[in-house]
Amino acid sequence: MAGFAPMVIDLEGLGLEAGGYLLVQRALHDLPVGGRLTVRGNDPALSTHLAAWSRSVGHQTDLADDEPAVVKGPAAGARWNRAERAGGPGPHGVLPHADVRWGLAMRGALVEEGGPPLHVDLVDRDLVWADAARQLYINGTARQWDPATDVHWNDPFSLPAEIEAAVVQVMTYLVENEYAALQIPAKFIARLHPHYREVMQVLSIQVADEARHVEVFTQRATLRSGEVGVSGAGGRASLQTLLDEPDFSLASFLLSVLGEGSFLDLLAFIARHAPDPVTREVASLALRDERRHVAFGVAHLRHAVNADRSLLGRLRMAAERRHDALASTAGLNQDVYDSLVVLASHAWTPEAIATGWQAVQNLQRDMDKGRQRRLIELGFPADEAAELSALHTRNFM
Ligand SMILES: [Fe+2]
Ligand SMILES: [Fe+2]
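Positions within a chain are numbered from 1, following the residues in the order the chain's sequence is written. Here chains are named by letter from A upward and ligands by number from 1 upward, in the order in which they appear as written. Side-chain atom pairs in this predicted model are given and counted only at pLDDT of 80 or more, local residue features only at pLDDT of at least 70, and totals for whole chains, interfaces and linings cover all residues. Remark: hydrogens and water are excluded; side-chain values derive from all non-hydrogen atoms of the structure.

Break down the overall build of the protein chain for me, with residues and values.
Under the scheme used here, helices are H or I runs from DSSP no shorter than 4 residues and strands are E runs no shorter than 2 residues, and both carry numbers assigned from the N terminus. Within the protein chain one finds 12 helices and 6 strands. Throughout, radius of gyration means the C-alpha value; the globule benchmark is 2.2 Å times the number of residues raised to the power 0.38. For 397 residues, the compact-globule estimate of 2.2 N^0.38 gives 21 Å, and the protein chain exceeds it by more than 25% at 31 Å. Viewed in the frame of its principal axes, the protein chain has a C-alpha envelope of about 105 × 50 × 30 Å. Accessibility here uses a 1.4 Å probe with only protein chains present; expressed as a share of the type maximum, an area under 20% marks a residue as buried, one over 50% as exposed, and anything in between as partly exposed. Looking at the protein chain as a whole, 48% of its 397 residues qualify as buried. A separation threshold of at least 6 residues defines the contact pool for the protein chain, and within that pool the share at least 24 residues apart is 76%. The Shrake-Rupley method, run with a 1.4 Å probe sphere, supplies the accessible areas, and residue values consider only the shown protein chains as cover. Counting every atom, the protein chain has about 18,800 Å² of accessible surface; 55% of that belongs to carbon and sulfur. Whether two residues touch is decided by their heavy atoms; if any such pair falls within 4.5 Å, the residues are in contact.

Below, the structure written as structure tokens:
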């Protein structure tokens, strides 16, 4: 080993198995292959342990002299020779394709070969990504609210039985829609490569949001009478078509852009016409979260359309397919529709009902305008946006 000064390390009383190997490893780090490191120490088992450790990590030992020595082997560190860097931790480290062989490794980690592949299929950036995901996640975590304390459940109010029944019916309808809005992102999280961490996080916050919406709407439904409203088959059929959509971008389009987009107006309507403070609060709190869900859907689809213009055609087909599938169903349950009219009427006079009826017409017009605006934002021409918006489910979501 001419040319390399022999190195010596003294472990004193520290056993190799009690952390001494860290000092040996560090001393070997800068040695070339074949370099020799003499290891001193008082531990009687030092030679035995050194030989076993060296063998396990690819070095040789020389025990001929009084003091044992390690000779750095060529295979040392070989397990990392074919290791691969899985992108980088920051936003610039996001790669267009994520390898399932990286498994659950942190983005940016040096990933050792071998190990089980991840069972996920959403592995391409442009099929899931939005640059806004990180900021939406940060906003989402900062604005989590507490159903137990942020809603004034004990505020006194008393409603005529028919008005209370209308509120209960609307809440019953909202809960089944919230279930769909929870299950869909939850399903995609399980299929998403964690390389796209920011998307995974934003979808997780969305799931947590929907769980809170389920909670407050359920509580408001049962606050007074304890009775729950009806669930129409047409509404459930509409939601099932969302659950059945396997493509992330198409599901995001149908659920977040069109469905949750329409719900922004619906929740604002309920908050505005709420006959009691609790109903007003739960609708307003949910509305706050839904704005983020819609923003992510729009941001993702803008990214995806930018990457591949032909997606617009597929979005259009998805909306048409859903419309055709639902053509024979009733769409929105009549009881829900009537309950919305009652909420906005405030009294049982022809004049009041006329006002409520008009308010629900206006609501549908506002939903349509909002959908058209978002469709144009995605890149649809105005006339196509109008056509597609008109095909949207009568169930609103
Ligand atoms: Fe929701
Ligand atoms: Fe939502």
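Which residues make up the coordination of the iron ion (ligand 1), and what values do they have?
Every protein donor of the iron ion (ligand 1) is listed here as E178 (OE), E210 (OE), H213 (ND1) and E290 (OE), and their distances to the metal cover 2.0 to 2.2 Å. Atoms of type N, O and S within 2.8 Å of a metal are treated as its donors, and for Na, K and Ca the window is 3.2 Å; water is not considered, so some sites may appear to be missing partners. Sites are called tetrahedral only when four donors show all angles between 85 and 135 degrees, square planar or octahedral only when four or six donors show opposite pairs over 155 degrees and all other angles between 65 and 115, and irregular in any remaining case. Classification of the site at the iron ion (ligand 1) rests on its 4 donor atoms, whose angles at the metal span 80 to 162°, yielding the label irregular. Going along the chain, you hit the donors of the iron ion (ligand 1) in the pattern E-x31-E-x2-H-x76-E.

Before we move on, could you go through the coordination of the iron ion (ligand 2) and cite the residues and values that matter?
Ligation of the iron ion (ligand 2) by protein atoms is provided by E210 (OE), E260 (OE), E290 (OE), E290 (OE) and H293 (ND1), these donors lying 2.0 to 2.6 Å from the ion. When the donors of the iron ion (ligand 2) are listed by position in the chain, the intervening gaps give E-x49-E-x29-E-x2-H. In this structure the iron ion (ligand 1) is found 3.5 Å away from the iron ion (ligand 2), and E210 serves as a bridging donor for the pair. Taken together, the residues E260 in helix α7 (residues 248–273) and E290 in helix α8 (residues 277–307) connect sequence positions 30 residues apart.

Account for the sheet that holds strand β2 (residues 36–40), with residues named and values stated.
If you walk across this open sheet you meet the 4 strands as β1-β2-β4-β3, and the pairing is mixed. If you trace the sheet from one side to the other, it starts and ends with β1 (7–10) and β3 (60–62), each paired once. Pairwise comparison of adjacent strand axes, ignoring direction, gives a mean angle of 30° for this sheet. Where β3 meets strand β4 (residues 69–71), 3 bridges bridge the pair, whose relative direction is antiparallel. Looking at β4, one finds that T61 is bridged to V70. When DSSP finds at least two bridges between two strands, those strands are taken to pair. Inter-axis angles, ranging from 0 to 180 degrees, are taken between N-to-C directions of lines fitted to C-alpha atoms, where helices are fitted over the stretch in contact.

Give me the lowdown on the packing of aromatic side chains, citing residues and values where you can.
Note on ring pairs: Phe, Tyr and Trp rings are taken, using the six-membered ring of Trp, and paired if centres are within 6.5 Å. Classes follow the plane angle, with under 30 degrees stacked, over 60 edge-to-face and the rest tilted. Under the counting rule described, the total for this entry stands at 5 aromatic pairs. Should the NZ of a Lys or the CZ of an Arg lie within 6 Å of a ring centre and within 35 degrees of the ring normal, that charge is described as sitting over the ring. Lying across the ring of W145, R212 places its NZ or CZ 4.4 Å from the centre. Positioned over the ring face of F157 is R224, at 4.0 Å from the centre of the ring.

Can you break down helix α12 (residues 382–390) residue by residue, with the values?
Restricting attention to buried positions, one finds in α12 the residues A385, L388 and S389. Here the buried residues of α12 occupy an arc of 100° about the axis, which is enough to place them on one side. Exposed side of α12, more than 90 degrees from the buried face: D383 and A390 are the residues found there. Residues of α12 that are buried sit in contact with α9 (311–326) and α11 (350–378). When we speak of the arc, we mean the arc of directions from the helix axis to the C-beta atoms.

Quick rundown of the packing of helix α4 (residues 161–191) against helix α6 (residues 233–243)? Include the residues and the values.
With their axes 10 Å apart at the nearest point, α4 and α6 run at an angle of 10° to one another. Judged on the interaxial angle alone, α6 and α4 are roughly parallel. Of the residues in α6, those touching α4 at E176, N177, A180, Q183, I184 and K187 are G235, R236, L239, L242 and L243. The classification used treats Ala, Val, Leu, Ile, Met, Phe, Trp, Tyr, Cys and Pro as nonpolar, Asp, Glu, Lys and Arg as charged, and all other residues, Gly among them, as polar. A per-class count over the contact of α4 with α6 returns 5 nonpolar, 3 polar and 3 charged. Each angle is binned into one of four classes, with values under 35 degrees roughly parallel, values over 145 roughly antiparallel, values of 65 to 115 roughly perpendicular, and all other values oblique.

Account for unusual backbone geometry, naming residues and giving values.
Of note, E12 is a non-glycine position whose phi angle comes to about 50°, a positive value. Along the chain, E12 turns up in the loop between β1 and α1 (20–29). Given a relative accessible area of 53%, E12 falls into the exposed group. Backbone geometry places F396, a non-glycine residue, at a positive phi of 75°. Among the secondary structure elements, F396 is positioned in the segment after α12.

Go over the packing of α8 against α11, please, and point to the residues and values.
At a minimum axis separation of 9 Å, α8 and α11 run at an interaxial angle of 30°. Relative to α11, α8 is oriented roughly parallel. The segment α8 lies against α11, with V294, V298, L301, R302 and V305 engaging R374, E377 and L378. Among the residues forming the contact of α8 with α11, the class breakdown is 5 nonpolar, no polar and 3 charged.

Just give me the short version of the environment of F396, but keep the residues and values in it.
What makes F396 buried here is its relative accessible area of 4%. Leave out the neighbours within four places in its chain, and F396 touches Y173, L258, G259, S262, F263, L266, L332, L340, Q364 and M367.

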